[in-house]
Amino acid sequence: DSGVRPDGRWQLLAVNHGGRESVEFFELEPIEEGSLRAIWRGCVEAPRDGSFNDVAALSDGDFVVSQPTAASAGIGTFLLAIAGFDSGFVHRWQPERGFWEQPGTRGRFPNGVVVSPDESTLYMNEYIADRVRIIDMGSGEQLGEVEVDKPDNSNWSQDGKLLVASHKAGILEVADSLEQGNEEPSLLPFAIVEVDPQTLESRELVARDGPPMGAGTAAVDVGAVLYVGSYLGDRIIKIPFAR
């Protein structure tokens, strides 16, 4: 997740699984026209048994980060989530307090997280429950939900809609793909679903099945195109995007 801090500097937060489970802080600094460099500014390591997925920054220096399951959880927890039991939740982190559980976020494999521009509302993708949940950041009250097949990560479009990556393959196919390595892209089918945060209406913007890349995890709107990444493989793809 990225955004402008109160002091005007650009901040980038990234979930890291390599060497340590953590949220890494970077400052984005322009070096010439059209180019940026990322300067590492520190990290927050996961709490004991923490396993992260997606992160969203808040303007006061806090962040929220999803935990689909505990780090020590085995396949049994995944199967319990399929059967209807909660497997994880969303952490809130504050510099002076550390990690604590964000109210109302227990769910079946919590995946993507984003917050509303006024930071009053959390949008949490509950992957195995096939839904995007809308949760009040203060009380934890659920304000609504939208049905989306296996929602992975979300980003805001330039016109204020949620762009949700949705996996169209079966759970076993997705699990098998995680074992294939990154030498070749996954070709599992996916879609990008647009969700209106006001009306909760949704529509499928893009659907792909096959080369050059499948298993899309997140879409970034840069105006005339969407850039889409995957959870494995060696590429991102660029898709024409007309509103």
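Now for a quick tour of the structure. All figures in this text were calculated on a predicted structure; none of them were measured in a lab. (Residues numbered from 1 in each chain as written. Predicted model: local features only at pLDDT ≥ 70, side-chain atom pairs only at ≥ 80, totals over all residues. Heavy atoms only, no water.)

### Here we look at the sheet that holds strand 6 (residues 63–67)
Right, on to step 1. Overall, antiparallel pairing links the four strands, which are arranged 5-6-7-8 in an open sheet. Bordering the open sheet on either side are strand 5 (55–57) and strand 8 (98–101), each of which pairs with just one other strand. This sheet shows a mean twist of 25° between the axes of neighbouring strands, independent of strand direction. (Pairing = 2+ DSSP bridges. Helix = DSSP H or I, 4+ residues; strand = E, 2+ residues; numbered from the N terminus. Axes fitted to C-alpha atoms, helices over the stretch in contact; angles between N-to-C directions.)

### Things to note about the pairing of strand 4 (residues 35–45)
Right, on to step 1. Pairing of strand 3 (residues 22–32) with strand 4 involves 10 bridges; the strand directions are antiparallel. Bridged to Ser22 within strand 4 is Glu45.
Right, on to step 2. The turn joining strand 3 and strand 4, which pair antiparallel and follow one another in sequence, is formed by two residues; a positive phi near 85° is taken by Gly34.

### Concerning the side chain of Asn16
Right, on to step 1. One can find Asn16 in strand 2 (residues 10–16).
Right, on to step 2. In terms of polar contacts, Asn16 uses its side chain to reach the backbone carbonyl oxygen of Arg20, at 3.2 Å.
Right, on to step 3. Residues contacting Asn16, with those up to four places away along its chain left out, are Glu21, Ser22 and Glu24. (Polar contact = N/O pair within 3.5 Å; in protein donor to acceptor, adjacent residues only side chain to side chain. Contact = heavy atoms within 4.5 Å.)

### Considerations on the pattern of salt bridges
Right, on to step 1. Applying the stated criterion across every chain yields a total of 13 salt bridges.
Right, on to step 2. One salt bridge in this structure joins Asp62 and Arg92, with 3.2 Å as the shortest N-O distance. With a gap of 30 residues between them, Asp62 in the loop between strand 5 and strand 6 and Arg92 in strand 7 (residues 89–94) connect regions that are remote in the sequence.
Right, on to step 3. Owing to a relative accessible area of 4%, Asp62 belongs among the buried residues under this scheme. (Salt bridge = Lys/Arg side-chain N within 4 Å of Asp/Glu carboxyl O. Buried < 20%, exposed > 50% of the residue type's maximum accessible area, 1.4 Å probe, protein only.)

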